[in-house]
Amino acid sequence: MFLFLSKLLPLLIYPLGLTCVLLVSALVWMGKRPGWARGAISLSLLLLFLSSNQWVATRVVQSLEWRYRPLQPLPTADVIVVLGGSTYAASSPRPWVEVNEAGDRVLYAVRLYQQNKAPLILFSGGRIDWKDGGPPEADDMTQIAIAMGVPSTAILQEPNSLNTYQNAINVQAILRQQQLDRVLLVTSATHMPRSVAIFRKLGIDVIPAPTDYWVSEAKLAEGSRTLQGRLLGILPDAEAIFKLTRAIKEYIGFGVYRLKGWL
């Protein structure tokens, strides 16, 4: 039930969900409280404008992504731990497992392995039955890694976790069992601050190895370099809502996990 509520309730306070709540409220108030209705409509329009603004989305995402910049050179470790959330199951009509926006996690982990940064890769991630179905994400990522040349003997799986806290708890058990200490943690840059905090709270020696960056130095310069860039930066953009929502999700996760004592 906690997992279901943790996925459902935030939808109402993300920009799109909150806008829908305000518009439904406006419809309810239209007859008896027209002033309230106008206020709700105005607020929903303002919320949509701000949340679809590229400048706003970029700055909020940057506040998460740039907390951990890639280390140069990246130290070696005992194992590369890759968190799930980057694949789609091989459900018809897909011919094979597919990667989503966060698919860089698997690709970057394989690259680190090929650079001899660690002798093992540990893929961590299950799959929610009522949401996605299919085999666990750890299995999807394993298939991709093997197809890219990583031997199966160099791969460990943790196929049961359904959130970041479970990732950390279950990975910790495997690390103890395999007598592994130092971890290169691979996940999306927006997700890295919360992930590092959880792993370190458990006493795991973790080295951040973020990937899947949305905000680059070129992206920051794009909105200020030309008049066209500045204009496009303030126009509504659906991708900006998506990115801002992901960032808000991480900040909500920080708050919830802190309340539960996981951070």
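The coordinates are above.
Residues numbered from 1 in each chain as written. Predicted model: local features only at pLDDT ≥ 70, side-chain atom pairs only at ≥ 80, totals over all residues. Heavy atoms only, no water.

**Student:** Explain a nonpolar patch on the surface here, please?
**Tutor:** Together, Leu23, Leu27, Met30, Ile41 and Leu45 make up an exposed nonpolar region whose accessible area comes to about 480 Å². Going through the elements one at a time, helix 2 (15-29) and helix 3 (34-51) are the ones with two or more residues in the nonpolar patch. By the secondary structure assignment, Met30 is in the loop between helix 2 and helix 3. (Patch = residues over 30% accessible without salt bridge, like charges linked within 9 Å, V, L, I, M, F, W, Y side chains within 5 Å. Areas by Shrake-Rupley, 256 points an atom, 1.4 Å probe, with all protein chains shown as cover. Salt bridge = Lys/Arg side-chain N within 4 Å of Asp/Glu carboxyl O. Helix = DSSP H or I, 4+ residues; strand = E, 2+ residues; numbered from the N terminus.)

**Student:** What should I look at first to understand the sheet that holds strand 4 (residues 121-124) in this one?
**Tutor:** Whether parallel or antiparallel, the strands of a sheet pair through hydrogen bonds between backbone atoms. In spatial order, the strands read 5-4-1-6-7; together these five strands make up an open sheet with parallel pairing. One side of each edge strand has no neighbouring strand; the edge strands of this open sheet are strand 5 (155-158) and strand 7 (205-208). Neighbour-to-neighbour, the strand axes of this sheet turn through a mean angle of 25°, independent of strand direction. Judged from the four bridges that link them, strand 1 (residues 79-83) and strand 6 (residues 182-186) form a sheet pairing that is parallel. Bridge pairing in strand 6 places Val81 opposite Leu185. Contacts between helix 5 (residues 104-114) and the sheet are confined to strand 1, strand 4 and strand 6, with strand 1 contributing the most and set at about 175° to the helix. The strands touched by helix 7 (residues 164-178) are strand 1, strand 4, strand 5 and strand 6; relative to strand 5, the strand with the most contacts, the crossing angle is about 135°. (Pairing = 2+ DSSP bridges. Axes fitted to C-alpha atoms, helices over the stretch in contact; angles between N-to-C directions. Contact = heavy atoms within 4.5 Å.)

**Student:** What should I look at first to understand the environment of Thr142 in this one?
**Tutor:** In this fold, Thr142 is placed in helix 6 (residues 137-147). For the pair Thr142 and Ile241, spaced 99 residues apart in sequence, the C-alpha to C-alpha distance is 32 Å. Apart from the residues lying within four places of it in its own chain, the contact partners of Thr142 are Phe123, Ile155 and Gln157.

**Student:** Can you walk me through the nonpolar core in this structure?
**Tutor:** Among soluble globular proteins, nonpolar side chains are generally buried collectively. If you look at the biggest cluster of nonpolar residues, it comprises 28 residues, and the most contacted ones within it are Val79, Val81, Leu122, Leu175, Val183, Leu185 and Phe199. Taken together, the elements giving at least two residues each to this core come down to helix 4 (54-65), strand 1, helix 7, strand 6, helix 8 (192-201) and helix 11 (238-259). Not counting the four nearest positions on each side in its chain, Leu122 is found in contact with Val79, Ile80, Val81, Val82, Leu156, Gln157, Glu158, Val171 and Ile174. Core analysis: the next-biggest nonpolar cluster, separate from the first, contains 24 residues, Tyr113, Met141, Ala145 and Ala154 among them. (Core = buried A, V, L, I, M, F, W, Y, C linked by side-chain atoms within 4.5 Å. Buried < 20%, exposed > 50% of the residue type's maximum accessible area, 1.4 Å probe, protein only.)

**Student:** How should the packing of aromatic side chains be read in this particular structure?
**Tutor:** Using the criterion set out here, one finds four aromatic pairs in the structure. An angle of 5° between the planes, with centres 3.9 Å apart, marks the rings of Tyr165 and Trp262 as stacked. You can see Tyr165 sitting in helix 7 and its partner Trp262 sitting in the segment after helix 11, a full 97 residues away along the chain. Between Tyr257 and Trp262, the ring centres sit 4.8 Å apart and the planes meet at 80°, which makes this aromatic pair edge-to-face. Members of the aromatic cluster, joined through ring pairs, are Tyr165, Tyr257 and Trp262. (Phe/Tyr/Trp six-rings, centres within 6.5 Å; stacked < 30°, edge-to-face > 60°.)

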